[in-house]
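Here is what each chain is made of, one letter per residue.
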Amino acid sequence: MSTDIVLAIALTVMTASTPLLLAAIGELVVERSGVLNLGVEGMMIVGAAAGFAGAQLTGSAYGGVAFAAVAGAGLSLVFAVFVLLLATNQYATGLATTLLGIGIAGLVGQGYVGQPGIKLEQVPIPLLSDLPVIGPLLFQHDVLFYLSLALVVCVSFVLFRTRLGLTIRAVGDNHDSAHAIGYNVVAIRFATIAFGGICAGLAGGYLSLVYTPQWVEGMSAGRGWIAVALVVFAAWRPLRCLAGAYLFGTVLILQFHAQAAGVPIPSQFLSALPYLATMIVLVIVSANRLSRHSAAPACLGQAFVPSK
Amino acid sequence: MVLKRSSVAVFTRRAWCGGALALAALMPLSAGAHAQALDKVKACFVYVGPVGDFGWSYQHDEGRKAVEAALGDKVETAFLESVKEGADAERAIERFARSGCNIIFTTSFGYMDPTNKVAAKYPKVKFEHATGYKRLHPNVSTYDSRFYEGRYVLGQIAALVSKTGVAGYIASFPIPEVVQGINSFILGAQSINPDFKLKVVWVNTWFDPGKEADAAKSLIDQGVDLLTQHTDSTAPMQVAAERGLKAFGQASNMIKFGPKTQLTSIIDDWAPYYVERVKAVLAGTWKQQATWNGMDSGHVVMAPFTNMPDDVKKKAEATTAAIKSKTFHPFTGPITKQDGTVWLKAGEVATDKDLSSMNFYVKGVDDTLPK
Amino acid sequence: MIRLEARPRPSWWAALASPVIALVLTLLTGCLLLLAFGKDPIKGLYYLFIDPITVWWSLEEVLVKATPLALIAAGLSVCFRANVWNIGAEGQFIVGAIAGSALPVVLPEVQGPHVLPLMLLCGTLGGALFALIPALLRVRFGANEILVSLMLVYVAELFLDWLVRGPWRNPAGFNFPETRQFHEWATMPIVGDSRLNIGIFIAIACCAVLAFVLSRTYFGFGVRLSGTAPRAARFAGISRNRTILLVMALSGGLAGLAGIMEVAGPIGQLRIQISPGYGFTAIIVAFLARLNPVGAIAAAFVLSVTYIGGEAAQIAIGISDKITRVFQGALLFFVLGSDVLIRYRITWTRRTPVIQTPEPAAVERTST
């Protein structure tokens, strides 16, 4: 294969991986604070619908990005009110959020079916984008792509190098102790859930503004679930999350290339590959860590009710 | 208490057109004979996807709206969207049958058995099932469109426009309808350029814009310079537009998504059929039939030929006219199968029976048919 | 600021009041929603909630839909009680359906009264074995069962797709993706002349047995203890790994049984799509039922009513199915929200007290 093809494949992989990465990195922060949010799919589809509508209303794709973020955050706050203030079960509340999100997105998007969208422009970074290979690969993208990579670095830094990150992790690992030493567990979780909602909304916006600039019902097609899975796969580590999203994207795209190149394997098996690959890598990663502690935040999925 | 699920012999089907009428004649004509003209008819539609998919279900709903527009207050329509195939379908259809619908259109292949089951219970209601082949009761008709006719024209345009001589085909599921389309496309292309090649990618979905876009990009990266699709979203058209290639639309006119990209599109136009059948119920003349119509009856419509040189346009128009007037059939021999055996001898035309169960490629397709 | 105060014991009046509160809130929201879209709210609510249970026909349909939901949810309840997170019941449902269908599809010449019981057995085993994959990976390698069971759903769907399009395709089916219709020995006996089959009795029986096992047996005690207090369970000699394997196999088996009963019942053949997401909806049902296997029957019934009612409303007054989705989402939120009253007292304070020593006894890590 020539470098051109490899470059082209890499760019396709990046587009396919970016929404997964955006949603996953947000969910990672939420889970680090001890909340399992199964509403990502719902927040993503709401983000997609709002993003498209926003771009149409404001006449600018950046307007769409803003709408997507706000919509994702809005739905995540509904989720937050229930799981944090009313201490409802996170699994069930998350599923309810997804159900609600799919319905709301359908209603919001009703008037936009069959309209071509406004595509988010590429913003080449001066100088860097002129570099051979690296330039087109990394520095000729849209803002959401840059944001997704920046988020990985920022989240990684904040979680493991700052006091705020320590607090978030402390809340996720033992909310009772965290509460006891004076952290406001509920407020911190509100913030992380809102952050996760913004990220999921942006991931949805990426779908309707970059990936395929249009609105159609069901366009998230289960990507929110993949994002949730990627967080577990990544053992709650941002860099592994990046690797996971790109691994998934790579297998996804390569199976189409395998087909186009005429590899005689039933397409269903090729379609199943990304899922199987994710599982196998997870098992390998988990097996290596068996001797150590599990990486999961200890309070993940548990309701927190402060005593007194 | 135990109901026997009688293993009813399936009528050997798709003795299309002439054969179907003969079959209808043999059936007890109770439904037709006792039918009376009605003052008002209620027409009901079951869709497999959301009406907002801008593809399959959307086109059927456009047909429903056309019925309302054509018949005004003589008709009342209702629809159920996103009805999953499986146990839900039978309930949805039966609900319509109970709620006073005179005619029910069930618009997905997977509704075939449920449609026939409900039809047995409601002999006075007319049932119309799209893309299936079972008509177990006199009140069940089937209908479908010859999309492959349009795909032959696409193939010819592709061969005339393509520089690399390789086109990419985004396919949904390996059912006969899709296989017909792929074969028809390559036959059309080979009629211009005998060495024309086709790369096929199966996405295993009718509708997932992201996945379709990925498949489109992969095909382009593999060196195709033209895209055609048998999936429902406009994503491949958008990808082609972005990469500056040409593409063919599907199901609806996608020109808005690629003003400089779309060469033409095969449009599913269900409106003429729906209006005709609802009118038949109004007049009391509805009869069982198996309809498989194509360009001649306006069920398959080519969107305007755009973004191509005039001579290509002329060729496409001539072929369309020939197919429309039935002077030409896309599956006319000599045709060799992919494995090298002869399928049709020179001058021989494929039977509808062969077409409707097609599960092999003709020569020139660069793919192995999923079995 | 809302604050929750744990009640010393669950409140009986709140247990009775909570569904009522949830219902009232849902109805109010529904009214507003319908008004916003210019629909008559009274009519709309009538079709959503009342109409489905006024006609025998649609009541039967509600039960048809509730049967697999109740069965899967009952199994998941046990699993969730043990703090094991099987999110892949959808996949186990599909594999159960495949395993159970092997007999009538591959060997249609085998006939007789033993066929159906064999199918149900195979389906149950198939679902159980499929659920054991994430369970074993968890026990052996520590792989997270949420992820593995969820990924396996996609694998199961694609496997079914391949089978039905390829090797198991009906030879007389014109290459369309479905298997032959099951013969009469391979289909569930029907109750009356509806679509209701004996599966509903099997489901009710399973739910009742599970409820008994969970509350009255040592195994059930072990499951609950293992879920709420794993350390105590270990001291009591209850193996965590064994519990994980058992509850996963149990919930997978029931999902598999639901799967084969669905294809041998209302569907009558194996097709590409056999479930409208029962495996995922059942998770919601399990929580609506407060993880109680008998409650799963009631919860499955209520949820089915809204599904069937949603169709009725779509036809009768043109309420789009998106509004129904929003409505169902709201219902779930309110039910989950009002259940809080059972375990907690809600108080309003101006400010949360800052430094507190936690009282371990009051910190309930429960799933409600």
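Because the structure is predicted, anything quoted here is derived from the model rather than measured.

Quick look at the overall build of chain B
When its secondary structure is counted, chain B shows 12 helices and 15 strands. Against the globule reference of 21 Å for 371 residues, chain B gives a C-alpha radius of gyration of 21 Å, in line with a compact fold. Overall size of chain B, expressed as C-alpha extent along the three principal axes, is 60 × 40 × 40 Å. Buried residues in chain B amount to 58% of all 371 residues. Put simply, 66% of the contacts in chain B that link residues at least 6 apart link residues at least 24 apart.

Some thoughts on the overall build of chain A
On a plain count of helices and strands, chain A comes out with 12 helices and two strands. Going residue by residue from the N terminus, the α and β elements of chain A occur as α-α-α-α-β-α-β-α-α-α-α-α-α-α. For chain A, the C-alpha radius of gyration of 20 Å lies close to 19 Å, the compact-globule estimate for 308 residues. When the backbone C-alpha atoms are referred to their principal axes, chain A occupies close to 65 × 50 × 45 Å. By residue count, 60% of the 308 residues in chain A fall in the buried class. Excluding contacts between residues fewer than 6 apart, the proportion of contacts in chain A whose partners are at least 24 apart in sequence is 78%.

Considerations on the environment of Lys-345 of chain B
Residue and element names in this part refer to chain B. Mapped onto the fold, Lys-345 is located in the loop between strand E14 (342-344) and helix H12 (352-356). C-beta crowding within 10 Å serves as the criterion here: with 9 such atoms nearby, Lys-345 is assigned to the exposed category. Distance in space between the C-alpha atoms of Lys-345 and Pro-334 is 4.6 Å, their sequence separation being 11 residues. Ignoring anything within four residues of it in the chain, the contact list for Lys-345 reads Gly-333 and Pro-334.

Focus on the sheet that holds strand E2 (residues 75-80) of chain B
Residue and element names in this part refer to chain B. Pairing within the open sheet is parallel, and its six strands lie in the order E2-E1-E3-E4-E5-E11. Whereas interior strands pair on both sides, the edge strands pair on one side only; in this sheet they are E2 and strand E11 (290-293). If you compare each strand with its neighbour and ignore which way they point, the axes differ by 15° on average. Summarising the sheet, strand E1 (residues 41-46) and E2 pair through six bridges and their orientation is parallel. Each bridged residue has a counterpart across the sheet, and for Val-41 the counterpart in E2 is Val-75.

Brief notes about the interface of chain C and chain B
Between chain C and chain B, the residue contacts involve 33 residues of the former and 36 residues of the latter. Elements supplying a minimum of two residues to the side of chain C that touches chain B: helix H3 (56-81), helix H6 (145-165), helix H10 (240-267) and helix H12 (293-317) of chain C. A breakdown of the residues in the side of chain C that touches chain B according to their chemical character gives 14 nonpolar, nine polar and 10 charged.

Quick look at helix H11 (residues 238-260) of chain A
Across its 23 residues, H11 of chain A extends 33 Å between first and last C-alpha, which sits within 8% of the 33 Å expected from 1.5 Å per residue. The first or second residue beyond H11 of chain A is Gly-262 of chain A, which carries a positive phi of 85°.

Focus on the nonpolar core
Of all hydrophobic cores here, the largest spans 341 residues; its most connected members are Leu-230 of chain A together with Ile-72, Ala-73 and Val-285 of chain C. Among all residues touching Ala-73 of chain C, those that are not within four sequence positions of it are Ala-282, Val-285, Ala-286, Ala-289, Ala-296, Ala-299 and Ala-300 of chain C.

Here's the deal with the confidence of the model for chain B
Residue and element names in this part refer to chain B. The pLDDT averaged across chain B works out to 86; a share of 90% of its residues lies at or above 70. Predicted confidence in chain B is weakest over helix H1 (residues 18-26), with a mean pLDDT of 37, and strongest over strand E3 (residues 103-106), with 96. Residue range residues 1-33 is modelled with pLDDT below 50. Its contacts to residues more than four positions away, or to other chains, number 46 contacts. On the interface metric, ipTM, the complex scores 0.85, and its pTM is 0.84.

Some thoughts on the sheet that holds strand E8 (residues 226-230) of chain B
All names here are of chain B. Here seven strands make up an open sheet; going across it, the order is E12-E10-E9-E8-E6-E7-E15 and the pairing mixed. The open sheet has two edge strands with one neighbour each: strand E12 (300-302) and strand E15 (365-366). The pairing of strand E10 (residues 262-268) with E12 spans three bridges and is classified as antiparallel. Residue Asp-268 lies in a different strand from E12, and its bridge partner there is Val-300. Strands strand E6 (166-171), E8, strand E9 (246-251) and E10 of the sheet are contacted by helix H9 (residues 235-243), whose axis makes an angle of about 165° with E9.

Thoughts on the environment of Ile-266 of chain B
Residues and elements named next belong to chain B. Along the polypeptide, Ile-266 turns up in strand E10. For the pair formed by Ile-266 and Gly-150, sequence separation is 116 residues and the distance between their alpha carbons is 6.1 Å. With residues up to four places along the chain from it excluded, the contact list for Ile-266 reads Phe-147, Gly-150, Arg-151, Gln-250, Val-300 and Met-302.

A look at helix H11 (residues 278-288) of chain C
Owing to its 3.6 residues per turn, the α-helix brings residues three or four apart onto one side. For H11 of chain C, a buried count of 11 out of 11 residues is recorded, marking the element as mostly surrounded by other parts of the structure. In this structure, the buried residues of H11 of chain C make contact with helix H4 (90-109) of chain A together with H3, helix H4 (89-106), H10, H12 and helix H13 (321-338) of chain C.

Some points on the packing of H3 of chain C against H12 of chain C
Residue and element names in this part refer to chain C. Closest axis-to-axis distance for the H3/H12 pair is 7 Å, and the angle between their directions is 140°. Considering the angle they form, H3 stands oblique to H12. Seen from above, H3 lies across H12 with right-handed handedness. From H3, Ser-58, Glu-61, Val-62, Lys-65, Ala-66, Leu-69, Ala-70, Ala-73, Ala-74 and Ser-77 reach across to H12, where they touch Pro-293, Ala-296, Ile-297, Ala-299, Ala-300, Phe-301, Leu-303, Ser-304, Val-305, Tyr-307 and Ile-308. For the contact of H3 with H12, the residue count by class is 16 nonpolar, three polar and two charged.

Notes on the packing of helix H6 (residues 147-161) of chain B against helix H11 (residues 310-324) of chain B
Residue and element names in this part refer to chain B. The interhelical angle for the contact between H6 and H11, taken along N-to-C directions, is 160°, at an axis separation of 10 Å. Classified by the interaxial angle, the pair formed by H6 and H11 is roughly antiparallel. In this structure, H6 crosses over H11, and the sense of that crossing is right-handed. For the pair H6 and H11, the contacting residues are Glu-149, Tyr-152, Val-153, Gln-156, Ile-157, Leu-160 and Val-161 in the first and Val-312, Lys-315, Ala-316, Thr-319, Thr-320 and Ile-323 in the second. Per-class residue counts for the contact of H6 with H11 are eight nonpolar, three polar and two charged.

Digging into the pairing of strand E5 (residues 140-145) of chain B
Residues and elements named next belong to chain B. Most of E5 sits out of view: six of its six residues are buried. Of the two faces of E5, the one lined by Val-140, Thr-142 and Asp-144 and the one lined by Ser-141, Tyr-143 and Ser-145 are each fully buried. Of the strand pairs in this sheet, strand E4 (residues 126-130) and E5 are connected by four bridges, and their pairing is parallel. Following the sheet pairing, Glu-128 is matched in E5 by Ser-141.

Some words on unusual backbone geometry
Following Gly-333 of chain B, the chain continues into Pro-334 of chain B via a peptide bond in cis, with omega recorded as 0°. For Pro-334 of chain B, the location among the structural elements is in the loop between H11 and strand E13 (335-336). Positioned with a positive phi, Lys-326 of chain B is a non-glycine residue whose angle comes to about 65°. Looking at the element boundaries, Lys-326 of chain B is found in the loop between H11 and E13. One non-glycine residue, Asn-83 of chain C, lies in the positive phi region at around 65°. Tracing the backbone shows Asn-83 of chain C in the loop between H3 and H4.

Cut-off values and rules
Residues numbered from 1 in each chain as written. Chains lettered and ligands numbered in written order. Predicted model: local features only at pLDDT ≥ 70, side-chain atom pairs only at ≥ 80, totals over all residues. Helix = DSSP H or I, 4+ residues; strand = E, 2+ residues; numbered from the N terminus. Rg over C-alpha atoms; globule rule 2.2 N^0.38 Å. Buried ≥ 20, exposed ≤ 12 C-beta atoms within 10 Å, placed from the backbone. Contact = placed C-beta atoms within 7 Å. Pairing = 2+ DSSP bridges. Axes fitted to C-alpha atoms, helices over the stretch in contact; angles between N-to-C directions. Nonpolar A, V, L, I, M, F, W, Y, C, P; charged D, E, K, R; others polar. Expected span 1.5 Å × (residues − 1). Core = buried A, V, L, I, M, F, W, Y, C linked by C-beta atoms within 7 Å. pLDDT = per-residue confidence, 0-100. Parallel < 35°, antiparallel > 145°, perpendicular 65-115°, else oblique. Left-handed = near helix turned anticlockwise from the far one by under 90°.

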